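Structural features, examined
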Amino acid sequence: MPQGEITGYNDLGKFVFHGEHWSKAGVECYLRSCRCEGCFYNQFENYPKCQMKASVLEMVKRLGKPSTERLIEASYRMKLERI
């Protein structure tokens, strides 16, 4: 496990917390209000049950909401992917 990475459980399930900053996938999930519709990983049939909601909850709890800059970057990236 990389230094600073924490794996645990909260009210929503298992989470992986990297401890330093919001992950790209975490910010995108946050922007989708943790709904799987539109998620990159949702396209894989054999993908295990998503635990991103638990990780997003943990990131909000430990780091606060993502910065405006990270939200804008992720929003722009998500719009480009839809084109």
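Description of the structure in this document.

**Here we look at the packing of aromatic side chains**
- One pass over the full model with this rule turns up 1 aromatic pair.
- Both rings, one in Trp-22 and one in Tyr-30, keep their centres 5.6 Å apart while their planes meet at 70 degrees; by these two values the pair is edge-to-face.
- A relative accessible area of 5% places Trp-22 in the buried class.
- By relative accessible area, Tyr-30 is classed as partly exposed at 24%.

**What about the nonpolar core?**
- Trp-22, Val-27, Cys-29, Val-56, Met-59 and Ala-74 form the largest nonpolar core, which has 6 residues in total.
- Going through the elements one at a time, helix 1 (24-31) and helix 2 (52-63) are the ones with two or more residues in this core.

**Details of the packing of helix 1 against helix 2**
- Relative orientation of the contacting elements helix 1 and helix 2 amounts to 95 degrees, with a least axis distance of 10 Å. Taken as axis vectors, helix 1 and helix 2 run roughly perpendicular relative to one another. Where helix 1 approaches helix 2, its residues Ala-25, Gly-26, Cys-29 and Tyr-30 are matched on the opposing element by Met-52, Val-56, Met-59 and Val-60.
- Residue classes in the contact of helix 1 with helix 2 are distributed as 7 nonpolar, 1 polar and no charged.

Conventions used here
Residues numbered from 1 in each chain as written. Predicted model: local features only at pLDDT ≥ 70, side-chain atom pairs only at ≥ 80, totals over all residues. Heavy atoms only, no water. Phe/Tyr/Trp six-rings, centres within 6.5 Å; stacked < 30°, edge-to-face > 60°. Buried < 20%, exposed > 50% of the residue type's maximum accessible area, 1.4 Å probe, protein only. Core = buried A, V, L, I, M, F, W, Y, C linked by side-chain atoms within 4.5 Å. Helix = DSSP H or I, 4+ residues; strand = E, 2+ residues; numbered from the N terminus. Axes fitted to C-alpha atoms, helices over the stretch in contact; angles between N-to-C directions. Parallel < 35°, antiparallel > 145°, perpendicular 65-115°, else oblique. Contact = heavy atoms within 4.5 Å. Nonpolar A, V, L, I, M, F, W, Y, C, P; charged D, E, K, R; others polar.

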